Structure formats: C-alpha cells, structure tokens
Amino acid sequence: MDTFYITTPIYYVNANPHLGHAYTTILADAVNRFQRLMGKETFFLTGTDEHGEKILQASEEKGVNPGDYVEEVSKKFRDLWPDLDIEYDYFIRTTYPEHKACVQKILQQVYDNGDIYFGEYGGYYCHGCEAFYTDRELEDGKCPDHQKPLEYIQEKNYFFRMSAYQDWLIEHINSDPYFIQPENFKNEVLAMLRESLGDLCISRPKTRLTWGIELPFDSDYVTYVWFDALLNYISALGWPEDENFRKFWPSAHHVVAKDILKPHAIFWPTMLKSAGLDLYKGLRVHGYWKVEEAKMSKSLGNIVEPLAMSGKYGTSAFRYFLMREMQLGLDGSFSEQGLVNRFNADLANDLGNLFNRALAMLHKYFRGEVPAYDGDWAQEDLEMIDLGLQSFSDYIDYYQQFRVAQALEALWEFIRGLNKYIDSTAPWQLNKEGNLERLSAVMSLVFAGLRKAALGVWPVMPRAAETMFEQLGLDFNAEKFDLLRESENFVQLAAGTRVAKKSNLFPRQELVSKDSGEQEKKKGAAKENREKNSQKKQIDIKQFQELDLRIGYVVNAENVVETDKLLRLDVDVGEERYRQIVAGIAESYSPDDIQHTQVVVVCNLKPVTLKGLTSEGMILSAHQDPGLTLLSVKSGVQPGSKVG
Ligand code: MSP
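Since the model is a prediction, treat every value here as computed from it, not as a measurement.

What counts and how
- Residues numbered from 1 in each chain as written.
- Predicted model: local features only at pLDDT ≥ 70, side-chain atom pairs only at ≥ 80, totals over all residues.
- Heavy atoms only, no water.
- Buried < 20%, exposed > 50% of the residue type's maximum accessible area, 1.4 Å probe, protein only.
- Helix = DSSP H or I, 4+ residues; strand = E, 2+ residues; numbered from the N terminus.
- Contact = heavy atoms within 4.5 Å.
- Phe/Tyr/Trp six-rings, centres within 6.5 Å; stacked < 30°, edge-to-face > 60°.
- Lys NZ or Arg CZ within 6 Å of the ring centre and 35° of its normal.
- Near = heavy atom within 4 Å.
- Areas by Shrake-Rupley, 256 points an atom, 1.4 Å probe, with all protein chains shown as cover.
- Nonpolar A, V, L, I, M, F, W, Y, C, P; charged D, E, K, R; others polar.
- Pairing = 2+ DSSP bridges.
- Right-handed = clockwise from strand over helix to strand, strands pointing away.

Draft legend 1. Helix α2 (residues 53–62), seen in detail. Of the residues making up α2, those classed as buried are E53, K54, I55, L56, A58 and S59. Of the surrounding secondary structure, the elements contacted by the buried residues of α2 are β1 (3–12), β2 (41–49), α3 (66–83) and β4 (116–126). Just past α2, the residue G63 takes up positive phi, approximately 70°.

Draft legend 2. Representation of the packing of aromatic side chains. For the structure on display, the rule yields 41 aromatic pairs. For the pair Y165 and W168, a centre-to-centre distance of 6.3 Å together with 80° between the ring planes defines the contact as edge-to-face. Accessibility expressed as a relative area gives 14% for Y165, which makes it buried. With centroids separated by 5.1 Å and ring planes inclined at 70°, the aromatic side chains of Y395 and Y399 adopt a geometry described as edge-to-face. Taken together, the residues span about one helical turn, with Y395 and Y399 both in helix α14 (residues 379–400) at a distance of four residues. For the pair Y395 and Y399, one class covers both residues: buried. Each residue in the set Y5, F43, Y233, F245, F248, W249 and W268 is aromatic and connected to the rest through ring pairs, giving one cluster. In this arrangement the basic side chain of R78 is found over the ring face of F91, its NZ or CZ atom lying 5.5 Å from the centre.

Draft legend 3. Broad picture of the site of the ligand. In the region of the ligand, 23 residues are neighbours, and I10, T24, D49, D259 and W289 sit closest. Coverage of the ligand by the protein amounts to 93% of the 670 Å² it exposes when considered alone. Mapped onto the shell around the ligand, the elements with two or more residues apiece are β1, α1 (19–37), α7 (225–229) and α8 (232–235). The greatest single-element share of the shell around the ligand, amounting to four residues, is contributed by β1. Grouping the constituent residues of the shell around the ligand by class yields 13 nonpolar, eight polar and two charged.

Draft legend 4. Layout of the pairing of β2. Taken across its nine residues, β2 has eight buried, putting it largely inside the fold. The pairing of β1 with β2 spans eight bridges and is parallel. Following the sheet pairing, I10 is matched in β2 by G47. Traced from β1 through α1 to β2, the parallel crossover comes out right-handed. Relative to strand β3 (residues 90–93), β2 runs parallel, the two being bridged by four bridges. Bridge pairing in β3 places G47 opposite I92.

Structure, rendered in structure tokens:
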C-alpha cells in the first residue's frame, strides 16, 4: 500500500497555541484525511519544540522548573488538537529520551563524517530567534523579525559544514520541481542560495545554556534549536531501526509557514545529506495570517483563540473558513465578520440549504426513501453528472498540491450546480404532473450528489460530513472510499435507503457585536423602519408589474468629477447599447468594487440629469446605517433577465 507521511512544525512552548498554529495543523490534518480517502496508509506528526533560551526564560518568568513548564504548555497543544478535530498519529516532544538519543546519534554520525568542526565565531546574536545574523541580513542594525538591537557575541562553538552542500542543494532544487512549492518560495530559496551560505552554528556552551541536548563528543556543550528540532521528523518515526521509518520516510511532506522556510529548505536537506539519509519528498509553505490586516501579537492584543472561534461557530465551520480563505503561499486576513459571511454564503445557503431541501422533498414525494432508478439519464442529468466528475477531478488535483482553498472552490461549483439542477428540474412540478419516472431519476441523482458532496467536505469538515452521511442513511468509514473512483463514477444510493427528516446542518449566523449600545441603536432603527413601512400605501400586482426590473451587468464604472457621492456606470441590461446610469453609491463602493458585477436595475424610470450626465435608470440597494449594499444575484444570470 502507498504511504503518506505529513508533519507540522513542532511549536515552541513559550506561548499558548493560537490561530497560526491551528491553521497549519488543520491544513496538515485536511491533507492527511484526503490522502486517507485516496487509499494511502498515512502517518501524521505534530508536536512541541521544548529546548532553548526562550523557553528557559519563560519558565524562569513563571518561577517553575523548565521540565514542569514545558509539560504544562505542551499539554495545551496536545489537548487542543482533538477539539479542533485534528487526528494526529504521534505527538513528538523534543524532551523525550528517544528524541535526544536520535539527535546524539546523528550528531555523532555527522561529526565522524568530518562535517562538524570546532571554531571561534563572533557575530550579532538575536535572543528572540536564537540565531546569528550577518551584517547583510540586519535592518537598521536590528533583527528583521524582532526589530530589536542585537548582542555581539564571540565564543567558541561547533559548526556544521553547511556550505559544502550549497552547490549540490541548488542542483537538487532545480532538478526536482516537486521539492519546494509553491513556486514563489522555491524561488526565494534559490535567491538565498545565490549568496554564499556559510556554516551553521549548532552548539551553545553549557556556561550559557544548559536547557538543550548534550553533544555526544563534548559534554561542555549542548546542541541548539535547529539541529535539535528538525530531527524530530525522523526521531518520531523511530530512526534508524524502526519499521515506521522505513515505511513512511520516503513519502515525507513538511508543512510550514514562510517564517521557517530557510531552516526547512536549506539547513534540513544539507543535514540529511551529510548524515547519509534520503531527503524529504516535499516542503509545502504557506503564508501568514494577519488579523484585520495587522500582525497577530500579544502586544497588539489581537491573538485569535482557535477554541473560542470554533466554540462559537462550530469546529467544522471554523476549519472550513481557514481552509477556504487562505490560498497556499499567500497571506490571509482573519476577521470574525469574514467568517460569518463565508458561513452564511457557502455553508448555510449553498450546502446547508441543499441538504434541507433535498431531505424535505424526499420525504414529501417518496416518504423518505430513495427511489429505485436504473433508466437512462436525460441531457440535463448528463450535464450534472459531467459537472460532478469534472469538479471531483479538479478537487483531487488541487488537494495533491495542498491547494485546499481551490479544491473547495471546485467542490462548491458542484454543490451550487446541484442546487441549480434542482431549480431547473423542478421536482415539485414533476410531482404535480405525476411524472414518477422522471421524479425518481432526478431524486436519485440528487442523492448521489449529496453523498459525493459529503465525501468531498470530509477532509475539512469531518464532523459535519459524518452527520451528513448519517442523514443520508449511510455508514462512513474513510478507509472504504476511493476518491479516484469518485471522479469516474456517480454512485447512486441503494433504493429504499431511508434518509433523515431534517438536516439543519448550518443555521445562519449573525455576528454578535461586542458593542451592545450599537446593537440597541440598530434594533431601534429597524423598528422605526418597520413602522414607517407599515404605513406605506399598498399597491396591487399590476402596479408592481409596471416596474421594469432587470438584471444588469456593470461593464464600466468610474468616479464622477467634483463629487464623492456619484459613480458613472455603463450597464448592460440586455439591449443593443449599454445604459449610462449615475448612481449615488460612491461612499460605499469604489469603481473597482462594482465593475464586472451584476446589479438589479429599474429600467423604466424617467431619465434625469446629474452633474451634467443623463442617468437612464436606477440600481437597487439595501440601505442601512452606515452605507448601503447593492442588490445582486447569487449566480451568473443573463444581462437583461427580468426580475419579478
Ligand atoms: N519551533 C519552531 C519550528 C521547529 S520545526 C522543526 C517554530 N515554532 S513556532 O511556535 O514559532 O511555530 C511557527 C509556525 O507556527 C509557523 O511556521 C506556522 O506553521 C505557525 N504560525 C505561527 N504564526 C502564524 C501566523 N500568524 N500565520 C500562519 N501560521 C503561523 O518556529
């Protein structure tokens, strides 16, 4: 059986787990679950990095001994992951005796090879990074990461002859496009390798730091962060003699953020090469989460607590948001409002409604039992099937590249397609006409689609997916599925399968503002509106039909000079020429926001002239304080389509 080995960084225990740690670990978990569905035997490793100056300092600040301190914080990580539906196979700690033994063994091996030497070194040292910086790497004489002045330290230490492997590494990276991805990070590493590499300081004298692993060839020294930490990826597999090492190392994939690109892309492969071990297969690098555009930090007080978010919106929704929002390799911006918006659009509307309406229909038309259908498919069924297979094949391609956001996008095309398929086949109409044959075909296909959708969301939302399977009257067992077959087949549910009456997977969410005064004001305004509306004159349907409401597509948008309220738009409303509309929306929308979007247009309003420009219609919006929101349609509709 093919294997797949995936790791996260091991996290420092000088801080509590936050959104950034949760993201990497959920990403690894999702990819790991995907590989399980691909029939691979998988091993998922995470853990904590527990040695070094910073950690010792943190324990001293708390007034506890370092052993107790690291145990306490490491446990917080270990306990958090299952609450976020993260299912790792092993949790490594660098203070485990097996890990220490592995580090010493490799050190000895590299030392015996002649790749470790003793020398004197003077350099600028950042205590935050626990690393030396060269003049070139400094920014205004400060550490680029911590922006703090550095200490000049001169001492005798052990060095790893990394520079000896520079040319070999360049060659390797160039020859294996799979090794470092995405491409921008691969190029960043190649750029680093254009400068001379230098050697890596790997020790600390015990007079300065004892909280490390003693060098096997000099008991006055301990080894320091990277030579200790990186080796967790093989010590956890029981290198050298354990069966797990033999089995899983050849398929190793490391997931890290861009902050630790250099140690993983340069230190680690050269260390492996020197120790005579095979390299890992792939390094996958993601960007950084910011919180509403700012860096997440204790001092800014904007640390996002993963547990608080998943408690509030559900673990599945929290995982979905993180995976859907950040494109691999780019930075992402976290906001609770963003999460709520995605929740409502993708989960409540698209996926949740699909389940709600399908289950309700099956109960109404077939007493909750999937009908038998083995006849031919109609053209629109075949198109639906095609969309499903294509989207599954895209989904697989993206997942193989760790591009989970795009994989979800592909899957959602299918989910939205299923909603449209229900709209256009109109089962309620078929039922009314008594067309049982066609109704059976449609419902059978819809339920085959629901099964596929549930399977597709499982890696990111295991808990929700398992509930979907239950609602569909199916058992879920990850090891039983074969995703490749799913992109070739549409598996119908057995006739007679009983499904749940109700789904209610993702009830709509509202962001509860912390500022209750603000909330009260909004409620007051809404009440006032209701009262005003109830006093409005009633019209009959004929009067309403006099309105010519159409879908318009904004072809161009630009600001109108001398005003900051108006935008001039060219709108396609399905006529031979575009209409010019001057809209008072510039305080809420920039031209870029509105260009190439669909809007709802009142087309038979008498033209008016605003700032010398004729406006040939009005676009509709919802008004609230502050600003307005344009009315739009959820999916692409032909410009000129009638609204009623
Ligand atoms: N202990 C080292 C790693 C050793 S691996 C052999 C370390 N630890 S860390 O606690 O600082 O974790 C860094 C990692 O946490 C990042 O690479 C990333 O996976 C995750 N993140 C921490 N903050 C993050 C964001 N703001 N955004 C995204 N991920 C980030 O470095």
